[in-house]
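# Breakdown of the fold
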Amino acid sequence: MTSRHDTAALPAQAGGAAPGRPGKDAGPTEEERRRRARLSRRWQRDMRWSPYAFVSPFFLLFLAFGLFPLVYTAWASLHTVELTAPTDMEWAGLRNYTRIFDDEFFWNAARNTLTIGILSTVPQLLMAMGLAHILNYKLRASTFYRVVMLAPYATSIAAASLVFVLLFGRDYGMINWALHFFGIDAIDWQGDKWMSQIAVSSIVIWRWTGYNTLIYLAAMQAIPHDLYESASLDGANRWQQFFHVTLPALRPTILFTAVVSTIGASQLFGEPLLFDANKGASGGAEHQFQTLGLYLYEQGWVNQHLGRASAIAWTMFLILIVIGVVNYVISRRLRASS
């Protein structure tokens, strides 16, 4: 018995095509095209403006707390303005600048800043170089030593300065107590000009030596080990390898740390302020360790001459620009010579 199919064929429509759903390869509708166009424009705007949105907080903060104070200080330096009435400005031109250049206390602060900078920067970088050279070798608990090196940098300036005030006390300080055993009389660390500057420099050395040590250590570890192997095969000992391999490779890093330390020394403020027994901005009874930062603070917030303090701030800013230009020239010559 044969089976038959009772399913009848669908009637053909006009044109000979059978009705059915649109094929999968049919084009998008007009609404779909408009939606895709909107998404494409939104995506393009997002790709174009998102980077600016991500970095905008920095520029907003820089405009509010960096550029605006800089411009306002430049404008205030050309006026006579007092702290008690900061909105009452009287045009003075360059009188604030000529007045501070004629002030002996300004030049005294500039000399103190220079000597304290030398006394703190040179030993600091030499000690950092030696410590980095030691840590560059394989030592047990090397990570612990690196953390110890960074601990002074993480310590508060106020806490460190107060501890050093106790150490350098004239009648009760531990350093004078130790010198007494060697037959040396008590030193007035805060009253004597050079001794006070050495004491302030020691605070800076203690705080920043470890920081520079880690910078030198990172630069040393980036030197190819093949250079040391070649020098060793040529008969160079460790000292010769250090002077002929390590130091030439560290010239850019040495220049960087020297410039950064110089800039930091020119802005020295917290250490001499807290080292003063009277906790004033004079830098000692005879201004023996008053820096430019303390002199600016004294003029602006003690004597309340904001116009003169603004002129001092811009003078320090110009000094930093000169330091930056010198750094750029030396860097170019070092790159050309290498």
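Cut-offs applied
- Throughout, a residue's number is its position along its own chain's written sequence, starting from 1.
- With pLDDT at 70 or above as the cut-off, local features in this predicted model cover only qualifying residues; side-chain atom pairs require 80 or more to be listed or tallied, and sums for whole chains, interfaces and linings still use all residues.
- Only hydrogens and water are set aside when side-chain values are computed; all heavy atoms of the structure are taken into account.
- Helix and strand labels come from DSSP, where a helix needs a run of H or I of at least four residues and a strand needs a run of E of at least two; each type is numbered from the N terminus.
- The globule rule used for comparison is 2.2 Å times the number of residues to the exponent 0.38, while the radius of gyration itself is calculated over C-alpha atoms.
- Accessible area is worked out with a 1.4 Å probe on protein chains only. A residue is then buried under 20% of its type maximum, exposed over 50%, and partly exposed in between.
- For this analysis, a nonpolar core means a set of buried residues of the types Ala, Val, Leu, Ile, Met, Phe, Trp, Tyr and Cys, connected via side-chain atoms within 4.5 Å.
- We call two residues in contact when some of their heavy atoms are within 4.5 Å.
- Throughout, the protein atoms alone are placed on a 1 Å grid, and a set of points is a cavity if a 1.4 Å probe fits but cannot get out or a pocket if it is open with protein on both sides within 12 Å along at least five of seven lines; lining residues have an atom within 4 Å of a point.
- Grid points are joined across faces, edges and corners, and a volume is the space filled by probe spheres set on the points.
- Charged residues are taken to be Asp, Glu, Lys and Arg, nonpolar residues to be Ala, Val, Leu, Ile, Met, Phe, Trp, Tyr, Cys and Pro, and polar residues to be all remaining types, Gly included.
- Two aromatic rings from Phe, Tyr or Trp, using only the six-membered ring of Trp, form a pair when their centres are within 6.5 Å; if the ring planes differ by under 30 degrees the pair is stacked, by over 60 it is edge-to-face, and anything between is tilted.
- Following DSSP output, two strands are said to pair if at least two bridges run between them.
- Think of a polar contact as two N or O atoms within 3.5 Å of one another; within protein, one of them needs to be a possible hydrogen donor and the other a possible acceptor, and neighboring residues in sequence only count if both atoms come from side chains.
- The residues that make up patches have over 30% relative accessible area and no salt bridge, and they are joined within 9 Å when like-charged or within 5 Å when they are Val, Leu, Ile, Met, Phe, Trp or Tyr.
- Residue exposure ignores everything except the shown protein chains as possible cover, and the areas themselves are Shrake-Rupley values with a 1.4 Å probe.
- A pairing counts as a salt bridge when a side-chain nitrogen of Lys or Arg comes within 4 Å of a carboxyl oxygen of Asp or Glu.
- When charges are counted, Lys and Arg are positive and Asp and Glu negative, with His and the chain ends excluded.
- Each charge is placed at NZ for Lys, CZ for Arg, CG for Asp and CD for Glu.
- Note on geometry: axes are lines fitted to C-alpha atoms, helical ones only across the stretch in contact, with angles between N-to-C directions running from 0 to 180 degrees.
- Angle categories: roughly parallel below 35 degrees, roughly antiparallel above 145, roughly perpendicular from 65 to 115, and oblique for all the rest.

## Considerations on the overall build of the protein
Helix and strand content of the protein: 13 helices and 2 strands. Its C-alpha radius of gyration of 35 Å places the protein more than 25% over the 20 Å reference for a compact globule of 338 residues. Expressed as lengths along the three principal axes of its C-alpha atoms, the size of the protein is roughly 135 × 75 × 45 Å. Each of the 338 residues in the protein was classed as buried or not, and the buried ones make up 33%.

## What about the nonpolar core?
Formed by 16 residues in total, the largest nonpolar core has its most connected members in Met129, Ala132, Tyr216, Met220, Ile223, Val245 and Leu250. For this core, the secondary structure elements donating two or more residues are helix H3 (104-135), helix H7 (193-221), helix H8 (225-233) and helix H9 (238-249). Per element, the largest residue contribution to this core is 5 residues, and it comes from H3. In this structure, methionine 220 is in contact with Met129, Ala132, His133, Asn136, Phe242, Thr246 and Leu250, ignoring residues within four places of it in sequence. Of all hydrophobic cores here, the second largest spans 13 residues; its members include Ile116, Phe164, Phe168 and Ala199.

## Observations concerning unusual backbone geometry
Of note, histidine 287 is a non-glycine position whose phi angle comes to about 60 degrees, a positive value. In this structure, histidine 287 sits in the loop between helix H11 (270-275) and helix H12 (292-302). Residue histidine 287 is classed as buried on the basis of its relative accessible area of 14%. At glutamine 304, a position not held by glycine, the phi torsion is positive, near 65 degrees. By secondary structure assignment, the location of glutamine 304 is in the loop between H12 and helix H13 (306-337).

## As for the environment of aspartate 276
As for its position among the elements, aspartate 276 is in the loop between H11 and H12. Between the C-alpha atom of aspartate 276 and that of glutamine 290, which follows or precedes it by 14 residues, the distance is 9.5 Å. If we ignore the near neighbours within four places in the chain, the residues touching aspartate 276 are Ser282, Gly283, Gly284 and Phe289.

## Some words on the layout of surface pockets
Counted as a void, the largest pocket has a volume near 460 Å³. Around the largest pocket, the lining is made up of 17 residues, and of these Thr73, Leu296, Ala309, Ala313 and Trp314 lie nearest the centre. When residues of the lining of the largest pocket are assigned to their parent elements, the largest contribution, 8 residues, is made by H13. Considered class by class, the residues forming the lining of the largest pocket number 14 nonpolar, 3 polar and no charged.

## Describing the packing of aromatic side chains
Across all of its chains, the model carries 25 aromatic pairs by this definition. Aromatic ring contacts, followed pair by pair, group Phe164, Phe168, Trp189, Trp206, Phe275 and Phe289 into a single cluster.

## What about the side chain of serine 310?
Locating serine 310 in the fold gives a position in helix H13. Contact partners of serine 310, with chain neighbours within four places excluded, come to Thr73, Ala76 and Ser77.

## Looking at the pairing of strand S1 (residues 79-82)
Going residue by residue along S1, you find His79 and Val81 tucked away on one face and Thr80 and Glu82 left uncovered on the opposite face. Across 3 bridges, S1 lies against strand S2 (residues 85-91) in antiparallel orientation. Its bridge partner being in S2, histidine 79 is matched across the sheet by tryptophan 91. Taken together, S1 and the strand that follows it, S2, pair antiparallel across an intervening segment of 2 residues.

## Let's talk about the side chain of threonine 121
Turning to its location among the elements, threonine 121 is positioned in helix H3. Within polar-contact distance, the side chain of threonine 121 engages the backbone oxygen of glycine 117 at 2.7 Å. Not counting chain neighbours up to four residues away, the residues in contact with threonine 121 comprise Ser261 and Ala265.

## With respect to the environment of threonine 143
Topologically, threonine 143 is positioned in helix H4 (residues 142-154). As for threonine 143 and tyrosine 297, which are separated by 154 residues in sequence, their C-alpha atoms are 40 Å apart.

## Focus on a positive patch on the surface
On the surface, Arg38, Arg41, Arg42 and Arg45 cluster together into a patch of positive charge. Locating arginine 38 in the fold gives a position in helix H1 (residues 30-76). A residue is classified by how much of its surface remains accessible, and arginine 38, at 45% relative accessible area, is partly exposed.

## Focus on the packing of H9 against helix H10 (residues 251-266)
Close contact between H9 and H10 brings their axes to 4 Å; oriented N to C, the two are set at 55 degrees. With respect to their mutual orientation, H9 and H10 come out oblique. Contacts from Leu247, Pro248 and Ala249 in H9 reach Arg251, Pro252 and Ile254 in H10. Residues belonging to the contact of H9 with H10 are distributed by class as follows: 5 nonpolar, no polar and 1 charged.

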